[in-house]
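For reference, the chains in residue letters:
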Number of protein chains: 2
Amino acid sequence: MARPRIGAERREEILVAFEACVARKGLAKTTLVDVAEQAGQPRPLVRYFIGNRDAMVTALIDRLLERGEAQFRRLPIGSTAEQAIDFVLDQVFADETANIVIMELWHLSLRDASLRARLAAIYERVILEIAALIDGPHPHDRAFCAVALALGAAFFRHLGLAVPNPANVHGASHRLLRSDFSAADRILSA
Amino acid sequence: MARPRIGAERREEILVAFEACVARKGLAKTTLVDVAEQAGQPRPLVRYFIGNRDAMVTALIDRLLERGEAQFRRLPIGSTAEQAIDFVLDQVFADETANIVIMELWHLSLRDASLRARLAAIYERVILEIAALIDGPHPHDRAFCAVALALGAAFFRHLGLAVPNPANVHGASHRLLRSDFSAADRILSA
DNA sequence: ATGTTTATTGTCCGAAATGACAAGATATTA
DNA sequence: TAATATCTTGTCATTTCGGACAATAAACAT
């Protein structure tokens, strides 16, 4: 009785194009025309299938956060804490263009409390999962520090600040997760 | 023979207003009208004293980076590495509104190679100064990790991800700087 | 006082982006 | 094939921002 709905696919195409534009020129400078050209569609179609600009941004956020969570679900169960933080270092913070879009989201969260909360929830979940894998005092704080180190290193890498030897970052994060570091400190100070 | 030049003071007022606007609503959404209102001056005066928008942004960047460097110069000479990283944690990443503007700069650096280089130079200098204070293998990489941890913790704090006990972050960064961690690791693994 | 440099005001223009919508085309089902 | 929901196109209005400039006021030196 009616033409078949292809809205879902169109939406997908548009969001892919939107993401490419955001990675290339930033969220603030990406216009509907940019997205339309990237998607090979006239601009009004973007409005028709997605809605206004806010709706498009919201859809992008949902898409990215969902993808981030899916990535964490790929973490093999039964991993050690060190394998988990290696996973975070090598997989989560690896893709450079994804990192750029994530940084765009981060920036957006500066003035968007709900987005900030969503980002916080994702990272907190990673921290909690790693914390559950380690022993010793303050597991949450130590996992926090390890993930913070991974985040900071990723941000620094984006700046062009290279670590001569990436293995040392892994070693440092492992060191933060080591269960009986206070024992080691006692040994060292003795 | 002429009216006295008050350009320097006006420039300062305008840049203070600009910074306040950027902290409040972000660089991209700060218009010349916003700055003019915040400064209590008509809009054309902003253009008269500063120039166009690019010039204003450039002036803000110079101002912030200069301030950042001045902050590092306040680090007492003869400090230990642990005092230095404490200084970074407690002083450099302390002021919340300054952090927001720094994050704006960081975001801007995503598409501005020269700004990216300037930011990198500042952080690299901090890393090098701390690296010079520690012994053992890979001093640069260990200093890199300690500063990355501080940066990541600051970014997480902005998200609202609180560390139950901030002292643990200090402890973790000290641990990364400890000179003979490989000896400790050997002891622990023995 | 007068001229000269600097500061201040008011106002306009053009570019660019978003939002809105009418009108036409297309595919499916009845 | 005809009705209808869906998709597509073309076009326009509004808003907002940045840039420019002429005209006026103020302060100081001579």
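Since this is a predicted model, take the numbers as computed values, not measurements.

Novice: How should I be thinking about the confidence of the model for chain A in this particular structure?
Specialist: Model confidence for chain A is summarised by a mean pLDDT of 89, while 93% of its residues fall at 70 or above. Low pLDDT, under 50, characterises residues 181-190 of chain A; the stretch is placed with nine contacts to residues that sit more than four places away or in other chains.

Novice: Help me understand the relation of the copies chain A and chain B in this model?
Specialist: One copy of the chain maps onto the other through a rotation about an axis plus a displacement along that axis. Rotating chain A by 180° and moving it 0.0 Å along the rotation axis overlays it on chain B with an RMSD of 0.1 Å. Both chain copies can therefore be described as sitting about a two-fold axis. A share of 100% of interface residues in chain A that are also interface residues in chain B marks the association as one of identical surfaces.

Novice: Mind showing me how you'd approach the interface of chain A and chain B here?
Specialist: How big an interface is tends to be expressed through the accessible area that disappears when the partners come together. Across the boundary between the two partners, chain A contributes 52 residues, which contact 52 residues of chain B. For chain A, the biggest contributors to the area lost against chain B are Phe156, Leu159 and Arg175 of chain A; these three give 16% of the whole. With its nearest N and O atoms 2.2 Å apart, the salt bridge here joins Arg111 of chain A to Glu104 of chain B. Viewed at the interface, chain B and chain A are joined by 13 residue pairs in polar contact (both at pLDDT 80 or more). The set of elements that each furnish at least two residues to the side of chain A that touches chain B consists of helix H1 (7-25), helix H6 (96-108), helix H7 (113-131), helix H8 (139-159), helix H9 (166-177) and helix H10 (181-189) of chain A. Ranked by residues supplied to the side of chain A that touches chain B, first place goes to H8 of chain A with 14 residues. For the side of chain A that touches chain B, a count of residues per class yields 32 nonpolar, nine polar and 11 charged.

Novice: Honestly, the packing of aromatic side chains in this entry has me stumped. Any pointers?
Specialist: Think of a pair of aromatic rings as described by two things: how far the centres are apart, and how the planes are tilted against each other in angle. For the coordinates displayed, the defined rule picks out 15 aromatic pairs over all chains. Geometrically, the ring pair formed by Phe155 of chain A and Trp106 of chain B is tilted, given 5.9 Å between the ring centres and 45° between the ring planes. Residue Phe155 of chain A is found in helix H8, and its partner Trp106 of chain B is found in helix H6 (residues 96-108); the two belong to separate chains. Aromatic rings pair up to connect Trp106, Tyr123, Phe144, Phe155 and Phe156 of chain A together with Trp106, Tyr123, Phe144, Phe155 and Phe156 of chain B into one cluster.

Definitions and limits used
Residues numbered from 1 in each chain as written. Chains lettered and ligands numbered in written order. Predicted model: local features only at pLDDT ≥ 70, side-chain atom pairs only at ≥ 80, totals over all residues. Heavy atoms only, no water. pLDDT = per-residue confidence, 0-100. Contact = heavy atoms within 4.5 Å. Least-squares fit on C-alpha atoms with pLDDT ≥ 70 in both. Buried area = accessible area lost by both parts, 1.4 Å probe. Salt bridge = Lys/Arg side-chain N within 4 Å of Asp/Glu carboxyl O. Polar contact = N/O pair within 3.5 Å; in protein donor to acceptor, adjacent residues only side chain to side chain. Helix = DSSP H or I, 4+ residues; strand = E, 2+ residues; numbered from the N terminus. Nonpolar A, V, L, I, M, F, W, Y, C, P; charged D, E, K, R; others polar. Phe/Tyr/Trp six-rings, centres within 6.5 Å; stacked < 30°, edge-to-face > 60°.

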